[in-house]
Amino acid sequence: MRAIAILAMNEFLDGLRNRWVAAAIILLGATALALMLVGSAPTGTIRAGALDVSVVSLTSLSVYLLPLIALLLSFDALVGEFERGTMLLLLTYPVARWQVVMGKFFGHMMILLTAVAVGYGGAAVITVLFTDNGIEGWQAYATMMGSSLLLGAVFVALGYLVSVLVRERSTAAGAAIVLWLIFVVLYDLALLGLLLADHEQKIGQALFSGLMLISPSDTYRLLNLTTFDTVGQVAGIAGVAARSDFSVPLLLGLLTSWVVLPLAATMTVFHRREL
Amino acid sequence: MADKAIEVTGVVKRYGDKTVVSDVDLSVRSGERMVLIGHNGAGKTTLMKLMLGLTHPSAGQLRVLGSNPATAAAAQRRAIGYLPESVAFHSAMKGREVLAFYARLKGVAVAKCQPILAQVGLEQAADRRVSTYSKGMRQRLGLAQAMLGNPQLLFLDEPTSGLDPTLRRQFYDLIDTLSLSGTTSLTSSHSLNEVEARADRIAIMKNGAIVACGTLSELSHQASLPIVVRLRVMAGHTASIAERLAPMGEIQRVNDHGIDLSCLGTSRMVLFRHIAGFGDVIEDMDVIPPRLDDIYNYYMEHVQPQ
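Residues numbered from 1 in each chain as written. Chains lettered and ligands numbered in written order. Predicted model: local features only at pLDDT ≥ 70, side-chain atom pairs only at ≥ 80, totals over all residues.

## Remarks on the overall build of chain B
Stage number 1. The secondary structure content of chain B amounts to 11 helices and 13 strands.
Stage number 2. Radius of gyration (C-alpha) of chain B: 24 Å, far over the 19 Å computed for a compact globule of 306 residues.
Stage number 3. Across its three principal directions, the C-alpha atoms of chain B cover 75 × 45 × 35 Å.
Stage number 4. Looking at the 306 residues of chain B, the share that counts as buried comes to 37%. (Helix = DSSP H or I, 4+ residues; strand = E, 2+ residues; numbered from the N terminus. Rg over C-alpha atoms; globule rule 2.2 N^0.38 Å. Buried ≥ 20, exposed ≤ 12 C-beta atoms within 10 Å, placed from the backbone.)

## Thoughts on the nonpolar core
Stage number 1. Formed by 142 residues in total, the largest nonpolar core has its most connected members in Val154, Val156, Ala157 and Tyr160 of chain A together with Met51 of chain B.
Stage number 2. Here this core takes 15 residues from helix H7 (residues 138–165) of chain A, the largest share from any one element.
Stage number 3. Ignoring sequence-local partners within four residues, the contact set of Ala157 of chain A consists of Val259, Pro262 and Leu263 of chain A.
Stage number 4. Of all hydrophobic cores here, the second largest spans seven residues; its members include Leu231, Val233, Leu245 and Ile275 of chain B. (Core = buried A, V, L, I, M, F, W, Y, C linked by C-beta atoms within 7 Å. Contact = placed C-beta atoms within 7 Å.)

## Some details on the sheet that holds strand S6 (residues 153–157) of chain B
Residues and elements named next belong to chain B.
Stage number 1. Read from one edge to the other, the open sheet built from six strands follows the order S5-S6-S7-S3-S8-S9, with strand pairing classed as mixed. Here the strands that pair on one side only, and so sit at the sheet edges, are strand S5 (80–83) and strand S9 (209–214). Adjacent strand axes in the sheet meet at a mean angle of 15° when their direction is disregarded.
Stage number 2. As paired elements, strand S8 (residues 201–206) and S9 share five bridges and run antiparallel to each other. Considered in S9, the bridge of Ala203 is made with Cys213.
Stage number 3. Along the sheet, helix H5 (residues 135–147) makes contact with S5 and S6, crossing S5 at roughly 170°. (Pairing = 2+ DSSP bridges. Axes fitted to C-alpha atoms, helices over the stretch in contact; angles between N-to-C directions.)

## Observations concerning the packing of helix H3 (residues 95–106) of chain B against H5 of chain B
Residues and elements named next belong to chain B.
Stage number 1. Axis separation between H3 and H5 bottoms out at 9 Å; the angle between their running directions is 25°. What the angle tells us is that H3 and H5 run roughly parallel. In terms of crossing hand, the pair formed by H3 and H5 is right-handed. Contacts from Gly95, Val98, Leu99 and Tyr102 in H3 reach Leu141, Ala144 and Gln145 in H5.
Stage number 2. In terms of residue class, the contact of H3 with H5 is built from five nonpolar, two polar and no charged. (Parallel < 35°, antiparallel > 145°, perpendicular 65-115°, else oblique. Left-handed = near helix turned anticlockwise from the far one by under 90°. Nonpolar A, V, L, I, M, F, W, Y, C, P; charged D, E, K, R; others polar.)

## Here we look at the packing of H7 of chain A against helix H10 (residues 216–227) of chain A
Residue and element names in this part refer to chain A.
Stage number 1. Where H7 meets H10, the axes come as close as 10 Å, and the angle between the chain directions of the two elements is 175°. Overall, the two elements H7 and H10 adopt an arrangement that is roughly antiparallel. Across the interface between the two elements, Thr143, Met144, Ser147, Leu151 and Val154 from H7 touch Pro216, Ser217, Tyr220, Leu223, Asn224 and Thr227 from H10.

## Side note on the interface of chain A and chain B
A common measure of how large an interface is: the accessible area buried when the components associate.
Stage number 1. On the chain B side, the residues contacting the 19 residues of chain A number 23 residues.
Stage number 2. The dominant element in the side of chain A that touches chain B, judged by the number of residues it contributes, is helix H1 (residues 2–17) of chain A, at five residues.
Stage number 3. Within the side of chain A that touches chain B, the residues separate by chemical class into 10 nonpolar, five polar and four charged.

## Examining the environment of Ile259 of chain B
Residues and elements named next belong to chain B.
Stage number 1. Take Ile259: it is sitting in strand S12 (residues 258–264).
Stage number 2. With 59 residues separating them in the primary sequence, Ile259 and Asp200 have C-alpha atoms 36 Å apart.
Stage number 3. Beyond its immediate chain neighbours, meaning those up to four positions away, Ile259 contacts Leu231, Val233, Thr238, Ile241, Ala242, Leu245, Ile251 and Val254.

## As for unusual backbone geometry
Residues and elements named next belong to chain B.
Stage number 1. One non-glycine residue, Glu158, adopts positive backbone phi at about 40°.
Stage number 2. Assignment of secondary structure puts Glu158 in the loop between S6 and helix H6 (165–180).
Stage number 3. One non-glycine residue, Ser224, adopts positive backbone phi at about 40°.
Stage number 4. The residue Ser224 is located in the loop between helix H8 (216–223) and strand S10 (226–233) in this model.
Stage number 5. Take Ser224: there are 11 C-beta atoms within 10 Å of it, and that puts it in the exposed class.

## Structural notes on the sheet that holds strand S4 (residues 59–64) of chain B
Residue and element names in this part refer to chain B.
Stage number 1. The three strands are arranged S2-S1-S4 in an open sheet whose pairing can be described as antiparallel. Only two strands of the sheet have a single neighbouring strand rather than two, namely strand S2 (18–29) and S4. The average undirected angle you get between the axes of adjacent strands in this sheet is 15°.
Stage number 2. With eight bridges joining them, strand S1 (residues 4–15) and S2 adopt antiparallel strand pairing. From the neighbouring strand, Glu7 faces S2, where its bridge partner is Ser27.
Stage number 3. The strands touched by helix H1 (residues 44–51) are S1, S2 and S4; relative to S2, the strand with the most contacts, the crossing angle is about 60°.

## Considering the pairing of S10 of chain B
Residues and elements named next belong to chain B.
Stage number 1. Sheet topology note: the S10/S12 ladder contains seven bridges and is antiparallel. If you follow Ile227 over to S12, its bridge partner there is Cys263.
Stage number 2. In this sheet, strand S13 (residues 282–288) lies alongside S10 in antiparallel orientation, the contact comprising six bridges. Residue pairing for S13: Arg230 is matched across the bridge by Asp286.

## Re the confidence of the model for chain A
Stage number 1. On average, residues of chain A score 86 in pLDDT, and 88% of them reach the 70 mark or higher.
Stage number 2. Residue range residues 43–48 of chain A is modelled with pLDDT below 50. Its contacts to residues more than four positions away, or to other chains, number nine contacts. (pLDDT = per-residue confidence, 0-100.)

## With respect to H10 of chain A
Stage number 1. In this model, H10 of chain A (12 residues) spans 16 Å end to end at C-alpha, consistent with the 16 Å of a helix rising 1.5 Å per residue.
Stage number 2. When H10 of chain A is considered as a whole, its buried residues turn out to be Pro216, Ser217, Asp218, Thr219, Tyr220, Arg221, Leu222, Leu223, Asn224, Leu225 and Thr226 of chain A. (Expected span 1.5 Å × (residues − 1).)

What follows is the structure in structure tokens.
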């Protein structure tokens, strides 16, 4: 446990030192604030608080940004240390290999936590203070922050798996981009294309919702856009998602297994690896 | 504490169909300074990695400080220090931060870092980023982390490659200081000259096998390389003396006032007595023993691993 804490702290401090934390906070905070200030104007007839409304736009934003930040943090984590030669020395210390992976994971999660808490949290505080919408809808907003972190964890874990499987940093970078494209862009496009092509509506509601569960980013969308009624109204995706009757524990469980399985696979591969 | 710090028996390491370490036997006593000499790619680094438990042998057995390094408890690794070849650190960290990080991992009080930094001469540079360090400074920081927690056993993989002669000497002085306090060390190098007075025993590696192992005098004795006898002879007598010495050795050089003659170390006394018999004609005599490089070259060129 001690070793994991030391490694996590080292990883976090590294993130502070090379301005990763600052960059992520600015990125998330600035975009969130922009969306919320724009979004608070046209609430119009729909009775929704500013925080509720912003959950919709922030969910769409997070689904792109958090996987990107998470992968940028993680793709280098193992292969980079192999390449620089620092891993060789580290493993002669009283540290087990699984502890190295967990230490890095907690360190990177601390970076994401800081970015989400300060970036999104700060944007919410500013919005509440400077508009007259009040804090109505804060539960949905908090859920969005928590699940964004979970989405980040998914892609940190996937990044490690890439990082332990390849031999060179450049390959890892390429693979991370491909991973991001598949899960965040291409899979959704494919689903959309499937819907458009399906003139005779052979694909039922259940099948389509099921297909959405395959991708962690869609699971994240479902979690945020359907859990709270008010959010669902504004989201306007009632046709698909609002009617889905997936329970919150199911969605959370799915996302969690997207974290646990890649991490376990990373440890297994790393354990067998000879230096 | 085990009498043998390192015990390697019949260890083989293959990567694919390439044998990197073949059937190595080696034992290092506690407190001994053992040096591994060999050309690049002789298997020195791989042998060290095997001893550190970073890779697993394809065959054979290793015991380091009494247990198998591949399965040893983490606590065991606290008693071991390692300086990898061309050591690397997180370049954004300061020297002091790097050392403190490794100290925490090893369970050594961070306060103990200061004297170690002073010992390796990095006190002034401790608050600079590692990315600004020269090769020699990085190497010294590497030694500093290896020294953390007064290890019983030190592995130093080509610790002085790329260092200038002054730094090199300082480096070996430091290692000597450590060994005085009872630390066992296994150092690899590709030059015998460098480690001449710094090794209790020397193992010579070639193509993955150990071709010779012993003290420096044992190695030079086993090699039985010729010594060179350099004579200064009274003017006018060189030709006749050279003629009379010819059966006893090989004349290498004759001029009007001197003769160089090589002979096997075993028959040297016969030659000396003979030369003494010439009396005043011989004005001076030097005996040049084989150089360390000659000994090394002998093992590299003439001894084949079985």
